[in-house]
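An overview of the molecular structure
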Amino acid sequence: MAQVRIWIHGVWGTKSRIPYMQNKSRRTSLFKHMKSYAKEKDIYLDFVNGASDHVHCLISMACDQNIARIMKLLKGESSTFAVKQRLFTPDFDWADDYYAVSVSQSHVEAVRDYLKKQEEHHRKKTFEEECRVFIEKYGFIRVLG
């Protein structure tokens, strides 16, 4: 049996960076649903959190999974759920793009801590500013749009 531990930090924003998810309790409902759906699909979504215009996920991938498929499943289902449940506005949607970076086992707890503090973090830094840091740190080409 293959034993694999590949941690991924995934980040994506709302379409046009519209702050749809300002209501914290509704945002929390969406994140709880994402965890439940991930479990159904055998995706280990360790932690999910975000702000009004984006989401962060800490995921441990299995040997038969790939990043593109995981992102497609999580983004697609969560968007559909949010619209059906009328959590935000009827035109709620995620942007097409996302960031995904590997996380070493020794940094998993630090990433969890970072994700836990998203609200506090975004009082000081916008999602766009955060994206610029990702671009510089990981050598990405452009800011998500």
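Below is a short write-up of the structure. This is a predicted model, so every value here is computed, not measured. (Residues numbered from 1 in each chain as written. Predicted model: local features only at pLDDT ≥ 70, side-chain atom pairs only at ≥ 80, totals over all residues. Heavy atoms only, no water.)

**Notes on helix 2 (residues 67–84)**
Residues three or four positions apart in an α-helix share a direction because the helix packs 3.6 residues into each turn. Here helix 2 contains 18 residues, and its C-alpha end-to-end distance of 26 Å stays within 8% of the 26 Å for a straight helix at 1.5 Å per residue. Among all positions in helix 2, only Ile 70, Met 71, Leu 73, Leu 74, Lys 75, Ser 78, Ser 79, Phe 81 and Ala 82 are buried. Lining the buried residues of helix 2 we find strand 1 (6–13), helix 1 (24–40), strand 3 (54–61) and strand 4 (99–103). Structurally, the start of helix 2 carries an N-cap: the backbone nitrogen of Ala 68 is 3.2 Å from a side-chain oxygen of Asn 66. One or two positions beyond helix 2, positive phi appears at Arg 86, with a value near 55°. (Helix = DSSP H or I, 4+ residues; strand = E, 2+ residues; numbered from the N terminus. Expected span 1.5 Å × (residues − 1). Buried < 20%, exposed > 50% of the residue type's maximum accessible area, 1.4 Å probe, protein only. Contact = heavy atoms within 4.5 Å. Polar contact = N/O pair within 3.5 Å; in protein donor to acceptor, adjacent residues only side chain to side chain.)

**Quick look at the nonpolar core**
In summary, soluble globular proteins display a tendency toward joint burial of nonpolar side chains. Ranked by size, the top nonpolar core spans 26 residues in total, and within it Leu 30, Met 34 and Ile 59 carry the most contacts. Of all elements in the fold, only strand 1, helix 1, strand 2 (44–51), strand 3 and helix 2 reach the threshold of two or more residues within this core. In terms of residue count, the dominant contributor to this core is helix 2 (six residues). Setting aside its immediate chain neighbours within four residues, Leu 30 contacts Met 21, Ser 78, Phe 81, Ala 82, Leu 87, Phe 88, Phe 92 and Trp 94. (Core = buried A, V, L, I, M, F, W, Y, C linked by side-chain atoms within 4.5 Å.)

Don't take any of this as a statement about function, it's just geometry.
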